[in-house]
Amino acid sequence: MTDDSTERRDAAAGVLGAATVATGLIAGAFYVFACAVMPALARSDDRVFIEVMRNINEVIQNPVFFLGFLGALALTGIAAWQSRGTPDRWWVLAALAAYTLAFVVTVTVNVPLNNGLADAGDPARIVDPAAVRDRFESTWVAWNVVRALLSTLALACLARALLRHRRPQASAYLASAAGSSASR
């Protein structure tokens, strides 16, 4: 392997590692909502549920979250491009497909539901908070589980690609020599 190809391989490993971390952070966020936040909020009365979800939806829109959420998609896309022609490309492409679906679910289902909850107005002044909650909760929870599963699948695929990427690559010369009778 030349120094240039080693440098490219190391850079690709760095991008793949960063994609894995970013995807893991987002998968963890969706997982925590699925197994702790939403079940805890399910115990709350309607106005508290609406107020807390609105607060969460406001504060989650911050640079740190967006860095992970958008970074996971961008870094996995770059890793897919860098892995073209390698044996681990299929794992990276599977991760990209799974995370892209999770991203699409977020922007087409969960975010519009969040916006609808915000548009309902001040929770203390909503005439029928039970109806507002009913339009939001079960759909949001179900699709959050979907995006948690998809992002976890993406994480598993990236981890597999990263493990395969880290394996030392045998040179073509050594591979052919190992099978030749002249080398025995």
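The rules we used
- Residues numbered from 1 in each chain as written.
- Predicted model: local features only at pLDDT ≥ 70, side-chain atom pairs only at ≥ 80, totals over all residues.
- Heavy atoms only, no water.
- Helix = DSSP H or I, 4+ residues; strand = E, 2+ residues; numbered from the N terminus.
- Buried < 20%, exposed > 50% of the residue type's maximum accessible area, 1.4 Å probe, protein only.
- Areas by Shrake-Rupley, 256 points an atom, 1.4 Å probe, with all protein chains shown as cover.
- pLDDT = per-residue confidence, 0-100.
- Phe/Tyr/Trp six-rings, centres within 6.5 Å; stacked < 30°, edge-to-face > 60°.
- Axes fitted to C-alpha atoms, helices over the stretch in contact; angles between N-to-C directions.
- Parallel < 35°, antiparallel > 145°, perpendicular 65-115°, else oblique.
- Left-handed = near helix turned anticlockwise from the far one by under 90°.
- Contact = heavy atoms within 4.5 Å.
- Expected span 1.5 Å × (residues − 1).
- Arc of directions from axis to C-beta.
- Salt bridge = Lys/Arg side-chain N within 4 Å of Asp/Glu carboxyl O.
- Nonpolar A, V, L, I, M, F, W, Y, C, P; charged D, E, K, R; others polar.

Draft legend 1. Structural context of the overall build of the chain. Looking only at helices and strands, the chain has six helices and zero strands in total. Secondary structure elements in the chain, listed N-terminal to C-terminal, are α-α-α-α-α-α. Counting the 184 residues in the chain, one finds 35% classified as buried. Accessible surface, the chain: about 10,500 Å² in total, of which carbon and sulfur atoms supply 65%.

Draft legend 2. Region of the structure containing the confidence of the model for the chain. Per-residue pLDDT for the chain has a mean of 90; in total, 85% of the residues score no lower than 70. Averaged pLDDT values over the elements of the chain bottom out at 53 in helix H6 (residues 172-179) and peak at 98 in helix H2 (residues 46-59).

Draft legend 3. Geometry of the environment of Leu67. Mapped onto the elements of the fold, Leu67 is located in helix H3 (residues 63-82). In this structure Leu67 comes out as exposed when scored by relative accessible area, which is 64%. Sequence separation of Leu67 and Ala22 is 45 residues, and the distance between their C-alpha atoms is 8.3 Å.

Draft legend 4. Representation of the packing of aromatic side chains in the model. One pass over the full model with this rule turns up seven aromatic pairs. Ring geometry for Phe69 versus Phe103: centroids 4.9 Å apart, planes at 20 degrees, classification stacked. Taken together, the residues span a long stretch of sequence, with Phe69 in helix H3 and Phe103 in helix H4 (residues 89-119) at a distance of 34 residues. The same class applies to Phe69 as to Phe103, namely buried. Clustering of aromatic rings is evident, with ring pairs tying together Phe65, Phe66, Phe69, Tyr99 and Phe103.

Draft legend 5. Quick peek at the packing of H2 against H4. Orientation of H2 relative to H4, taken along the N-to-C sense of each, is 120 degrees, at an axis distance of 10 Å. Viewed along their axes, H2 and H4 adopt a mutual orientation that is oblique. The element H2 and its partner H4 pack so that their crossing is left-handed. For the pair formed by H2 and H4, the contact residues are Ile50, Met53, Arg54 and Asn57 on the first element and Asn114, Leu117 and Ala118 on the second.

Draft legend 6. A look at H2. With 14 residues, H2 extends 20 Å between its outermost C-alpha atoms, agreeing within 8% with the 20 Å of an ideal straight helix rising 1.5 Å per residue. Of the residues making up H2, those classed as buried are Phe49, Ile50, Met53, Arg54, Ile56 and Asn57. Taken end-on, H2 shows its buried residues confined to a sector of 160 degrees, consistent with a single buried face. Set apart from the buried face of H2 by more than 90 degrees, the exposed residues are Glu58 and Val59.

Draft legend 7. The environment of Ala131, seen in detail. Positionally, Ala131 belongs in helix H5 (residues 129-166). Placed 85 residues apart in sequence, Ala131 and Asp46 show a C-alpha to C-alpha distance of 9.0 Å.

Draft legend 8. Layout of the pattern of salt bridges. Here the structure, examined in full by the defined rule, presents two salt bridges. Here Asp46 ties to Arg133 by a salt bridge, and the two come within 3.1 Å at their closest N and O atoms. Placement of the pair is Asp46 in helix H2 and Arg133 in helix H5, with a sequence separation of 87 residues. A salt bridge links Glu137 to Arg133; its shortest N-O distance comes to 2.8 Å. On the criterion of helical spacing, the pair formed by Glu137 and Arg133 is a turn pair, its members being four residues apart in helix H5. In this pair, the class of Glu137 matches that of Arg133, namely buried. Among the ionic contacts, a cluster of salt bridges with common partners joins Asp46, Arg133 and Glu137.

Draft legend 9. Fine view of the packing of H3 against H4. Relative orientation of the contacting elements H3 and H4 amounts to 150 degrees, with a least axis distance of 9 Å. With respect to H4, the element H3 is oriented roughly antiparallel. Of the two elements, H3 crosses H4, and the hand of that crossing is left-handed. Contacts between H3 and H4 involve Gly68, Phe69, Leu70, Ala72, Leu73, Thr76, Gly77, Ala79 and Ala80 from the first element and Val92, Leu93, Ala95, Leu96, Tyr99, Thr100, Phe103 and Thr106 from the second. In terms of residue class, the contact of H3 with H4 is built from 12 nonpolar, five polar and no charged.

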